[in-house]
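# Commentary on secondary and tertiary structure
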Amino acid sequence: MRDLGPRSDYHPFANTTFTEIHEEPGYFKKESVQSQEMNFSQLDRYIQDLGQSGFDTTSLRVALWHKLAYPLTAIVMAVLAIPFSLTMGRRSSLTGIAVAIAVAGAYLSIDGLFGAMGNVAYLPAIVAAWSPDILFCFVGGYMLLRTPT
């Protein structure tokens, strides 16, 4: 049988102060924000804070540089599209659509590959983020120079 009445051996919790800890409680509470939800400067400050605390920030640095490199994908795809548009000739429009889908798939695959290599520190973060853009820009430039006019 349980007795739910007041206990005679109850002692209130004793507050203890730690004089060697000088940080405010807010210092220990970090918000968990995804890198996609931050802009470039917020993510840069977050990486610096985590780096000073001793955390591994490799994947966050790749995401930081990817924020600058990814918007240029539209320009890179335009550079790639020009040679294909000039050489289509007698091919059907369905062939052009298939080539566009294949190029976009190749770009996404290579972007994922370089991003994964940067996340595990096989490549520096800036190289991992910018390599797909540079690679495809060079391929588009080469194809553009080789296009008969």
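This write-up is about the structure you can find in this document. What you are looking at is a predicted structure, and each value in this text was computed from that prediction instead of being measured.

## Quick notes on the overall build of the chain
Of regular secondary structure, the chain possesses six helices and zero strands. Counting from the amino terminus, helix and strand elements in the chain follow one another as α-α-α-α-α-α. Out of the 149 residues belonging to the chain, those deemed buried represent 21%. Long-range pairs, those at least 24 residues apart, make up 67% of the contacts in the chain between residues at least 6 apart in sequence.

## Description of a nonpolar patch on the surface
Together, Phe18, Ile21, Tyr27 and Phe28 give the surface a local cluster of nonpolar side chains, amounting to about 460 Å² of exposed area. One can find Phe28 in helix H1 (residues 25–28).

## Description of the side chain of Thr73
Position of Thr73 relative to the elements: it lies in helix H4 (residues 73–87). Exposure remark for Thr73: the relative accessible area of 12% places this residue in the buried category. Setting aside its immediate chain neighbours within four residues, Thr73 contacts Tyr107 and Asp133.

## Re the packing of aromatic side chains
Evaluated as defined, the whole model comprises two aromatic pairs. Plain terms: the ring middles of Phe40 and Trp65 are 6.1 Å apart, the flat faces sit at 70° to each other, and that makes the pair edge-to-face. Here Phe40 is found in helix H2 (residues 40–53), whereas its partner Trp65 is found in helix H3 (residues 58–69), with 25 residues between them in sequence. Geometrically, the ring pair formed by Tyr107 and Phe136 is edge-to-face, given 5.3 Å between the ring centres and 75° between the ring planes. Taken together, the residues Tyr107 in helix H5 (residues 93–119) and Phe136 in helix H6 (residues 125–146) connect sequence positions 29 residues apart. Here the two residues Tyr107 and Phe136 agree in accessibility, since each one is buried.

## Section: H6
Taking 1.5 Å as the rise per residue, H6 with 22 residues should run 32 Å; its terminal C-alpha atoms sit 32 Å apart, in good agreement. When the local axis directions of H6 are compared, the greatest deviation, roughly 45°, occurs at Ser131, which is followed within four positions by the proline Pro132. Taken together, the buried positions of H6 are occupied by Ala125, Ala128, Ala129, Ser131, Pro132, Asp133, Phe136 and Gly140. Along its buried surface, H6 packs onto H3, H4 and H5.

## Some details on unusual backbone geometry
If a residue is not glycine, its phi is most likely negative; likewise, a peptide bond is most likely trans. Notably, Ala121 is not glycine yet its phi reads approximately 65°, a positive angle. Looking at the element boundaries, Ala121 is found in the loop between H5 and H6. The exposure class assigned to Ala121 is exposed, which follows from its relative accessible area of 51%.

## Some details on the nonpolar core
Core analysis: the largest hydrophobic core is formed by six residues, namely Met38, Leu43, Ile47, Leu50, Leu60 and Leu64. When residues of this core are assigned to their parent elements, the largest contribution, three residues, is made by H2. Setting aside chain neighbours within four positions, we find Leu43 in contact with Ser35, Met38, Leu60, Ala63, Leu64 and Lys67. Val76, Leu80, Tyr107 and Phe136 belong to the second-largest nonpolar core, a separate cluster that totals five residues.

Cut-offs applied
- Residues numbered from 1 in each chain as written.
- Predicted model: local features only at pLDDT ≥ 70, side-chain atom pairs only at ≥ 80, totals over all residues.
- Heavy atoms only, no water.
- Helix = DSSP H or I, 4+ residues; strand = E, 2+ residues; numbered from the N terminus.
- Buried < 20%, exposed > 50% of the residue type's maximum accessible area, 1.4 Å probe, protein only.
- Contact = heavy atoms within 4.5 Å.
- Patch = residues over 30% accessible without salt bridge, like charges linked within 9 Å, V, L, I, M, F, W, Y side chains within 5 Å.
- Areas by Shrake-Rupley, 256 points an atom, 1.4 Å probe, with all protein chains shown as cover.
- Salt bridge = Lys/Arg side-chain N within 4 Å of Asp/Glu carboxyl O.
- Phe/Tyr/Trp six-rings, centres within 6.5 Å; stacked < 30°, edge-to-face > 60°.
- Expected span 1.5 Å × (residues − 1).
- Bend = angle between axes of the 7 residues up to and from the residue.
- Core = buried A, V, L, I, M, F, W, Y, C linked by side-chain atoms within 4.5 Å.

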